[in-house]
Amino acid sequence: MSEHFDVHGGARLVGEVEVVGAKNSVLKLMAAALLAEGTTTITNCPKILDVPLMGDVLRSVGCEVEIDGDTVRITTPSALSHRADSPAMGKLRASVCVLGPLVGRLKRAVVALPGGDAIGSRPLDMHQSGLRSLGATSTIEHGCVVAKADELRGAQIWLDFPSVGATENILMAAVLADGTTVIDNAAREPEIADICTMLIEMGAKIEGAGTSTLTVHGVDALHPTEHRVIGDRIVGATWAFAAAMTRGDLTVRGVNPHHLDLVLDKLRLAGAEVIPFDGKGFRIVQAERPKAVDFVTLPYPGFATDLQPFAVALSAVSEGTSMITENVYEARFRFIEEMQRLGADARTDGHHAVVRGVEALSSAPVWASDIRAGAGLVLAGLCADGVTEIWDVFHIDRGYPHFVENLNRLGARIERVTGEPDRA
C-alpha cells in the first residue's frame, strides 16, 4: 500500500532540531570503504532508506555490512567482486560512486547505471573520461559501466564542469594509482572535503581538499579507519527555509553554518534574523512575511540545486516577485507543477521561473518527484489553507530521518497515512 502525508496548514515552527550526518556524504564514504581490506566504521550516519540500499550494493560485491543505529560497519574482503549490479543500484543515484573504488583497487569494474530522483539526466561522460585519463578503458554495455585497466597512472585531469560524482569517482580511483593525479575544476562541496578527510585517515595522500584543485599522490594500499560524517547542510537549510516560511523561530544544531553562508545570506535578505553558532549550528527567526529574493543555482559555494524547491516554495509565499534560475538539473522545475496545484503563482521559461508571492496557498493532493521536492511540498503545505495530501513520500524518507516526528514536535500537525491515492 502507498503512504502519504496529511499536512495541516497554519503551523508556526518553534524550537530546536538536530541535524544528523549528510546523506550526500555517507553513501560515498561507504563506497570508499571498498578501497581497504578490513572493517571500516562510519558514525553519525542518518537513518534514511538510502543507507541500507547502499549496504545492499556493497554486499553485492562481497562486503559484510552491519547497520547499528547511526553507526555503519563495513568489512571489505581481500577477494572483492568487480561486479556491482545489485537491484539496489537502480534505486539511488549515489550507487555509481562504487565505480572509482572498484577500478582503483581491482583495476576493473562492471557497475549498473544508477537510478534515484527524477530531476534530469546525469551523464557519466566525465566519470569515464577521468578513468580513461588514468589509463582505464570505459564503455557502457547492457546498462552497465564497464571499466578495466592493466594499471592506473597519475594524470592531469580537467573537468568541464565541477561534477561532484565525477570528482569523487576519479579521486577514489586515483588514490591507488601509480604517480600523481591533479584534478582541476574539481567540485568544492563540503562533502568532497569529508571524503578527502576519510581517505587521508585511511592513508591516502591528498592536497587541496575544499579547493578547485585536488592533488593526489598515489599509494600502494589503504587501511580501514573510523570516521564521523559531517552534518547535512541540505537538511540544515531545509529547516532554515521552514522557519522563514512559517514565520517561526528555529535553532538548528549539528551542521556547520559556514557550509550555508549563501543560504543564510539569502534568508537575511528575506527578512530573517540569523544567528550562527560557530561550527555548530544557527538560529533563524522570521517575524514578518518574507520578502521576495532571487536565486540562481550553481555548484558550491553557489546556491545548491538541491535547495531550489525550497527557494520556489519560499518565493510562493513571499511579498513580491522572485526569479529562480536553474543551471544544474533541467528537470527540477517539475516541482513547480505541484506548487501550482497549491495555488502558487509561478511560471517557467527554460532555465528560469518567475514566482509572484501570494498571501497563502491552498491545500490539494500533490506528488513528490524527488527527495527535495517532497520536502518542499511539506513546507508549502504548512503554509496552505486546509489539509494537503503529499504522495510518494518514500522519496522524503530517503533523505530526512524522523521528518514527520520532528515537524510535529516543532509545532506542525502531520500524519502518515496508508492507502491508495484517488487520481480520478
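This one's a predicted model, so the numbers in the text were calculated from it and none came from an experiment. (Residues numbered from 1 in each chain as written. Predicted model: local features only at pLDDT ≥ 70, side-chain atom pairs only at ≥ 80, totals over all residues. Heavy atoms only, no water.)

Caption draft 1: Highlighting the environment of Ala243. Mapped onto the elements of the fold, Ala243 is located in helix α7 (residues 233-245). If we ignore the near neighbours within four places in the chain, the residues touching Ala243 are Gly248, Leu250, Ile284 and Gln286. (Helix = DSSP H or I, 4+ residues; strand = E, 2+ residues; numbered from the N terminus. Contact = heavy atoms within 4.5 Å.)

Caption draft 2: Looking closely at the sheet that holds strand β6 (residues 83-84). Pairing is mixed in the open sheet, where four strands are placed in the order β6-β7-β9-β8. Two strands bound the open sheet, and with one partner strand each, they are β6 and β8 (137-141). Direction of pairing for strand β7 (residues 108-112) relative to strand β9 (residues 144-148): antiparallel, over a ladder of five bridges. By the bridge assignment for β9, Val110 is matched with Val146. Where helix α3 (residues 99-106) meets the sheet, it contacts β6, β7 and β9, and its direction lies at approximately 160 degrees from that of β7. (Pairing = 2+ DSSP bridges. Axes fitted to C-alpha atoms, helices over the stretch in contact; angles between N-to-C directions.)

Caption draft 3: How the structure looks around the packing of aromatic side chains. Scanning the model with the defined rule gives six aromatic pairs in all. Pairing Phe241 with Phe303 gives two aromatic rings, centres 6.4 Å apart and planes at 80 degrees, and the pair type is edge-to-face. With Phe241 in helix α7 and Phe303 in the loop between β18 (295-296) and α9 (308-316), the pair connects residues that are 62 residues apart, well separated along the chain. As far as burial versus exposure is concerned, Phe241 and Phe303 are alike and both buried. The lysine or arginine in question, Lys266, covers the ring of Phe295, its NZ or CZ lying 5.6 Å from the ring centre. (Phe/Tyr/Trp six-rings, centres within 6.5 Å; stacked < 30°, edge-to-face > 60°. Buried < 20%, exposed > 50% of the residue type's maximum accessible area, 1.4 Å probe, protein only. Lys NZ or Arg CZ within 6 Å of the ring centre and 35° of its normal.)

Caption draft 4: A look at unusual backbone geometry. A cis amide bond links Tyr300 to the next residue, Pro301, at an omega of 15 degrees. Structurally, Pro301 is set in the loop between β18 and α9. With a phi close to 60 degrees, Asn44 is a non-glycine residue in the positive phi region. Within the secondary structure layout, Asn44 lies in the loop between β3 (38-43) and α2 (50-60).

Caption draft 5: Inspection of the side chain of Glu168 at higher detail. With respect to the helices and strands, the residue Glu168 is situated in helix α5 (residues 164-174). Residues within four places of Glu168 in sequence aside, it is in contact with Asn24, Lys28, Ile192 and Ile195.

Caption draft 6: Representation of α3 within the structure. Most of α3 sits out of view: seven of its eight residues are buried. One or two positions beyond α3, positive phi appears at Lys107, with a value near 65 degrees.

Caption draft 7: Region of the structure containing the pairing of strand β15 (residues 249-253). A large share of β15 lies buried, amounting to four of its five residues. The pairing of β15 with strand β17 (residues 281-285) spans five bridges and is classified as antiparallel. Looking at the pairing, Leu250 lines up with Ile284 of β17.

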